[in-house]
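# Inside the fold
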Amino acid sequence: MRFDVFTLLPEVMHTYLRSSVLGKAQEAGLIEVHLHNIRDHTLDRHHTTDDEPYGGGGGMVMKPEPIFAAVESVVGEALETTPVLLLTPQGRVFRQEVAHELAGYERLVLICGRYEGVDERVRQYLATDEISVGDYVLTGGELPALVIIDTIARLQSGVLGDVEATEKDSYSSGLLEHPHYTRPASFRGWGVPEVLLSGDHARIAAWRREQSLRRTLLRRPDLFETAKLDEADRNLLDRMKKGNKRNTLKE
Ligand code: JCQ
């Protein structure tokens, strides 16, 4: 899968993209990330990328010409079949299911805005989709672009190791994760749940599932609307909710 990112700050994205899982995925040829500096596609002496808003009001707006020139010269006729994502708090909210949808494409274009925003014609005539990574305002679209690339890269086969890939599959249940522990078995007198030391894989799996359900019920009950639950899960949940009257939900 290929990502083309259009930004005024390619260097701030570079280090993260080279690191860890994303760096290895690129070395292995599983993903390609191409960073393009929008400023390289300005035609004036001062390499201007922003200007004052029509109608006044202060702040600066990114000019359309360099963005169109950059995207059109790099992507060419592939523009007809390639999603062009504008990262903005006004977009549809990025979730794991959106990641799965976007992972179905061979190539994605990401446009990172800065300043107060980008000229509306970029949204209207260049972007095919607008994506928000959450309800807060950032300085630019670079962090959202990294969030999206990271999430989608993890969905490509071969990017994660066997163990992580198996975990990824089991957590596509849409629940929060169970607690994790590693050595030592006693740290400052704080122990590890006995079941995890028992070697009884069936009991461990049941305990983890119950913990996932309990955490989701306490912290993110909204996730149950889309979580994949079976009969046993629903029975457990019902008992937790009833038991809650006697305070068994407190962690
Ligand atoms: C994305 N959640 C927050 C900020 C304007 C394109 O116009 C703008 C883009 C940004 C950067 O993106 C975000 C964001 N998802 O702040 C302002």
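Residues numbered from 1 in each chain as written. Predicted model: local features only at pLDDT ≥ 70, side-chain atom pairs only at ≥ 80, totals over all residues. Heavy atoms only, no water.

## Overview of the site of the ligand
The local shell around the ligand holds 14 residues, among which Val133, Gly134, Tyr136, Leu138 and Gly140 are the closest. In the model, a nitrogen atom of the ligand is placed 2.9 Å from a nitrogen or oxygen of the Val133 main chain. If the ligand stood free it would expose 410 Å²; the protein chains cover 96% of that surface. Ranked by residue count, the leading element in the shell around the ligand is strand 5 (residues 84-93), at three residues. Split by residue class, the shell around the ligand holds seven nonpolar, six polar and one charged. (Near = heavy atom within 4 Å. Polar contact = N/O pair within 3.5 Å; in protein donor to acceptor, adjacent residues only side chain to side chain. Areas by Shrake-Rupley, 256 points an atom, 1.4 Å probe, with all protein chains shown as cover. Helix = DSSP H or I, 4+ residues; strand = E, 2+ residues; numbered from the N terminus. Nonpolar A, V, L, I, M, F, W, Y, C, P; charged D, E, K, R; others polar.)

## Remarks on the nonpolar core
Core analysis: the largest hydrophobic core is formed by 28 residues, its most contacted members being Phe3, Val5, Leu108, Leu110, Ile149 and Ile152. Top contributing element to this core by residue count: helix 6 (residues 142-153), with six residues. Not counting residues within four places of it along the chain, the set of residues in contact with Ile152 comprises Met1, Phe3, Ala99, Leu102, Ala103 and Leu108. Listed in part, the 17 residues of the second largest apolar core include Met62, Val71, Leu86 and Val122. (Core = buried A, V, L, I, M, F, W, Y, C linked by side-chain atoms within 4.5 Å. Buried < 20%, exposed > 50% of the residue type's maximum accessible area, 1.4 Å probe, protein only. Contact = heavy atoms within 4.5 Å.)

## Side note on unusual backbone geometry
In this model, Arg183 is joined to Pro184 through a cis peptide bond whose omega is 5°. Within the secondary structure, Pro184 sits in the loop between helix 7 (162-171) and helix 8 (201-219). In this model, Tyr115 sits at a positive phi of 55°, which is unusual for a non-glycine residue. Inspection of the secondary structure assignment puts Tyr115 in the loop between strand 6 (107-112) and helix 5 (120-125). Looking at Tyr115, the relative accessible area reads 36%, which means it is partly exposed.

## Some remarks on the layout of surface pockets
Volume-wise, the second largest pocket comes out at about 370 Å³. Elements supplying a minimum of two residues to the lining of the second largest pocket: strand 5 and strand 7 (129-132). For the lining of the second largest pocket, the element with the highest residue contribution is strand 5, accounting for five residues. A class-by-class count of the residues in the lining of the second largest pocket yields eleven nonpolar, nine polar and three charged. (1 Å grid on protein atoms, 1.4 Å probe; cavity = no way out; pocket = protein on both sides within 12 Å on 5 of 7 lines; lining within 4 Å. Points joined across faces, edges and corners; volume = space filled by probe spheres on them.)

## What to know about the pairing of strand 1 (residues 2-7)
On a regular strand, each side chain points to the face opposite its neighbour's, so the side chains alternate between the two faces of the sheet. The element strand 1 is extensively covered by neighbouring structure, given that five of its six residues are classed as buried. As defined by bridge partners, strand 1 adjoins strand 6 across five bridges and the pair is classed as parallel. Along strand 6, the bridge assignment pairs Arg2 with Arg107. (Pairing = 2+ DSSP bridges.)

## Observations regarding the pattern of salt bridges
Here the structure, examined in full by the defined rule, presents 13 salt bridges. Here Arg92 ties to Glu101 by a salt bridge, and the two come within 2.8 Å at their closest N and O atoms. Classification of Glu101 by relative accessible area gives partly exposed; the value is 39%. Of the charged contacts in the structure, one is a salt bridge between Arg123 and Glu120, with a shortest N-O distance of 3.0 Å. Of this pair, Arg123 and Glu120 both sit in helix 5, three residues apart, roughly one helical turn. Overlapping salt bridges, with partners in common, bring together Arg2, Asp4 and Arg107 in one network. (Salt bridge = Lys/Arg side-chain N within 4 Å of Asp/Glu carboxyl O.)

## Considering the side chain of Asn37
Position of Asn37 relative to the elements: it lies in strand 2 (residues 32-37). Here the side chain of Asn37 touches Arg39 through a polar contact of 2.9 Å, landing on its backbone nitrogen. Dropping the residues within four chain positions of it, Asn37 is found in contact with Thr7, Leu8 and Pro10.

## Examining the packing of aromatic side chains
Within this structure, the stated rule accounts for one aromatic pair. For the pair Phe187 and Trp190, a centre-to-centre distance of 5.8 Å together with 55° between the ring planes defines the contact as tilted. Under the relative-accessibility criterion, Phe187 is labelled partly exposed at 41%. (Phe/Tyr/Trp six-rings, centres within 6.5 Å; stacked < 30°, edge-to-face > 60°.)

## What about the domain arrangement of the protein chain?
Along its sequence, the protein chain is organised into domain 1 (2-153) and domain 2 (174-246). One C-alpha centre belongs to domain 1, the other to domain 2, and the line joining them spans 39 Å. (Domains from an automatic or database assignment.)

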